[in-house]
Amino acid sequence: MRGEQIDRDANAPASACVSTIRTVLTCLTGFFIFQHGAFGKLHAGGILTLVALGITALAEYTGFFGRRSRYVTAVSYSATVFFHMIPAVTETTTRLPPGAPTPTRPA
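Residues numbered from 1 in each chain as written. Predicted model: local features only at pLDDT ≥ 70, side-chain atom pairs only at ≥ 80, totals over all residues. Heavy atoms only, no water.

Structural notes on the overall build of the chain
Right, so step 1: Along the backbone of the chain there are 3 helices and 0 strands.
Right, so step 2: Mapped from its N terminus to its C terminus, the chain presents α and β elements in the order α-α-α.
Right, so step 3: Long-range contacts, defined here as pairs at least 24 residues apart, represent 40% of the contacts in the chain between residues at least 6 apart.
Right, so step 4: Accessible surface computed for the chain: about 8500 Å², of which carbon and sulfur atoms make up 66%. (Helix = DSSP H or I, 4+ residues; strand = E, 2+ residues; numbered from the N terminus. Contact = heavy atoms within 4.5 Å. Areas by Shrake-Rupley, 256 points an atom, 1.4 Å probe, with all protein chains shown as cover.)

Below, the structure is given as structure tokens:
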């Protein structure tokens, strides 16, 4: 399908909206978790995620980036997944396998 534009499914905008709302809520609730008593690296990841979603909205709904808006939207949505995977992998490796986690202490 080179050179052709793929039509969006009728349910795609609704599912994308639900996913975006869940991502924003996840970020906002994460700001209230202070494991070490202060603002930390994971809070910065939440801010980066919200910035990426803001850039996505700017690209998708205003066309601010012109012809490149589709690409900016795709990269920004992908960045939000990446930003969520960093703490997911870090936290998983500090707990698994039980009794002998991969790192000896979190960074």
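So, the packing of helix H2 (residues 41–62) against helix H3 (residues 69–93)
Right, so step 1: Packing of H2 against H3 brings their axes to within 8 Å, and their N-to-C directions diverge by 165 degrees. Classified by the angle their axes make, H2 and H3 are roughly antiparallel. When you trace H2 past H3, the crossing you get is left-handed. In contact with Leu42, Gly45, Leu48, Thr49, Ala52, Leu53, Ile55, Thr56, Ala59 and Glu60 of H2, H3 contributes Ser69, Val72, Thr73, Ser76, Tyr77, Ala79, Thr80, Phe83, His84 and Pro87. (Axes fitted to C-alpha atoms, helices over the stretch in contact; angles between N-to-C directions. Parallel < 35°, antiparallel > 145°, perpendicular 65-115°, else oblique. Left-handed = near helix turned anticlockwise from the far one by under 90°.)

Focus: the side chain of Thr73
Right, so step 1: Turning to its location among the elements, Thr73 is positioned in helix H3.
Right, so step 2: According to the relative accessible area criterion, Thr73 is buried, its value standing at 10%.
Right, so step 3: Non-local contacts of Thr73, meaning those with residues more than four positions away in its chain, are made with Thr56, Ala59 and Glu60. (Buried < 20%, exposed > 50% of the residue type's maximum accessible area, 1.4 Å probe, protein only.)

A word on H2
Right, so step 1: Compared with an ideal rise of 1.5 Å per residue, which puts 22 residues at 32 Å, H2 spans 31 Å between its outermost C-alpha atoms and is within 8% of the ideal.
Right, so step 2: Buried within H2 are the following residues: His43, Gly45, Gly46, Thr49, Ala52, Leu53, Thr56 and Ala59. (Expected span 1.5 Å × (residues − 1).)

Remarks on the packing of aromatic side chains
Think of a pair of aromatic rings as described by two things: how far the centres are apart, and how the planes are tilted against each other in angle.
Right, so step 1: One pass over the structure, following the stated rule, counts 2 aromatic pairs.
Right, so step 2: Relative to Phe65, the ring of Phe64 has its centre 5.1 Å away and its plane inclined at 85 degrees; by these criteria the two rings are edge-to-face.
Right, so step 3: For Phe64, a relative accessible area of 58% translates into the label exposed.
Right, so step 4: Exposure remark for Phe65: the relative accessible area of 30% places this residue in the partly exposed category.
Right, so step 5: On the basis of an interplanar angle of 55 degrees and a centroid distance of 6.0 Å, the ring pair of Phe82 and Phe83 is categorised as tilted.
Right, so step 6: Cation over ring: Arg70 sits above Tyr71, and NZ or CZ is 5.6 Å from the ring centre. (Phe/Tyr/Trp six-rings, centres within 6.5 Å; stacked < 30°, edge-to-face > 60°. Lys NZ or Arg CZ within 6 Å of the ring centre and 35° of its normal.)

A word on H3
Right, so step 1: Counted at 1.5 Å a residue, the expected span for H3 with its 25 residues is 36 Å, and the 36 Å between its end C-alpha atoms agrees.
Right, so step 2: Tucked into the core, H3 has its buried residues touching H2.

A word on the environment of Val51
Right, so step 1: Mapped onto the fold, Val51 is located in helix H2.
Right, so step 2: Here Val51 falls in the partly exposed class, since its relative accessible area comes to 46%.
Right, so step 3: A sequence separation of 25 residues divides Val51 from Ser76, and the C-alpha atoms of the two residues are 9.0 Å apart.

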